[in-house]
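Letter by letter, the chains look like this.
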Amino acid sequence: MTPEAAFGYGCVGGFLLSLVRLIELANMPKIQRPSTFSDWIWVVQFVGVPIIGGILAYVYAADEAIKLSRILAVNIGISGQIIVKAMAAVAPKQIGRTD
């Protein structure tokens, strides 16, 4: 699979995750629902999650040692947000001198 195709499949996986969140909101009573598309932060997240998933799938596919299938690229797209959160959690809090 080409890295560009992996990007597309990863974006599809991330978009599926965004749709699941939207479906969960639809099941809530209207009075309890947070603002969605009227809030710019929610819109950025709705669009950003699929892009993060696509970028991660692209990176995986660009590595010659990893043979990426379509379903794996979609899976990476779905779990992209969790992968980035885990990487951010292990990053050092302060950059600079440690003495």
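In this convention, every chain numbers its residues from 1, walking through the sequence in written order. For this predicted model, a pLDDT threshold of at least 70 governs which residues receive local features, and a threshold of 80 or more governs which side-chain atom pairs are given and counted, while totals over whole chains, interfaces and linings are taken from all residues. Water and hydrogen atoms play no part in the side-chain values, which are based on all heavy atoms of the structure.

Observations concerning the overall build of the protein chain
Next, step 1: A tally of helices and strands in the protein chain yields three helices and zero strands.
Next, step 2: Starting at the N terminus and walking to the C terminus, you meet the elements of the protein chain as α-α-α.
Next, step 3: Relative to its length of 99 residues, the protein chain is extended, with a C-alpha radius of gyration of 16 Å against a globular reference of 13 Å.
Next, step 4: The principal-axis extent of the C-alpha atoms belonging to the protein chain is close to 50 × 45 × 20 Å.
Next, step 5: Sorting the 99 residues of the protein chain into buried and exposed places 24% on the buried side.
Next, step 6: We call two residues in contact whenever any of their non-hydrogen atoms come within 4.5 Å of each other. A fraction of 73% describes how many contacts in the protein chain between residues 6 or more apart in sequence connect residues 24 or more apart. Under the DSSP-based scheme used, a helix requires at least four consecutive residues in state H or I and a strand at least two consecutive residues in state E, with every element numbered from the N terminus. The globule rule is 2.2 Å times the number of residues to the power 0.38, and the radius of gyration it is compared with is taken over C-alpha atoms. Throughout this description, buried means an accessible area under 20% of the type-specific maximum (1.4 Å probe, protein chains only), exposed means over 50%, and partly exposed covers the range between.

Here's the deal with the packing of aromatic side chains
The geometry of an aromatic ring pair is captured by the separation of the ring centres together with the interplanar angle, meaning the angle of the planes.
Next, step 1: Within 6.5 Å between ring centres, the rings of Phe, Tyr and Trp (the latter by its six-membered ring) count as paired, and their orientation is classed by plane angle as stacked under 30 degrees, edge-to-face over 60, tilted in between. Inspection of every chain in the model, using the stated rule, returns two aromatic pairs.
Next, step 2: Ring centres 5.9 Å apart and planes at 80° place the aromatic pair phenylalanine 15 and phenylalanine 46 in the edge-to-face group. With phenylalanine 15 in helix H1 (residues 3-26) and phenylalanine 46 in helix H2 (residues 40-62), the pair connects residues that are 31 residues apart, well separated along the chain.
Next, step 3: On the basis of relative accessible area, phenylalanine 15 is assigned to the partly exposed category, the value being 38%.

Looking at helix H3 (residues 70-89)
Next, step 1: Here a helix's expected span is defined as the number of its residues, less one, multiplied by 1.5 Å. Given a rise of 1.5 Å per residue, 20 residues ought to cover 28 Å, and the 28 Å separating the end C-alpha atoms of H3 matches this to within 8%.
Next, step 2: A residue's bend is given by the angle between axes fitted to the 7 residues ending at it and the 7 residues starting at it. Maximal helix bending in H3 amounts to about 55°, located at serine 79.
Next, step 3: Within H3, the full set of buried residues consists of Ala73, Val74, Ile76, Gly77, Gly80 and Gln81.
Next, step 4: On the buried face of H3, the contacting elements are H1 and H2.

A closer look at the confidence of the model for the protein chain
Next, step 1: With 91% of its residues at a pLDDT of at least 70, the protein chain reaches an overall mean of 84.
Next, step 2: Every residue carries a pLDDT, the predictor's confidence in it, which falls somewhere between 0 and 100. Element-level pLDDT for the protein chain is lowest in H3, with a mean of 86, against a maximum mean of 89 in H1.

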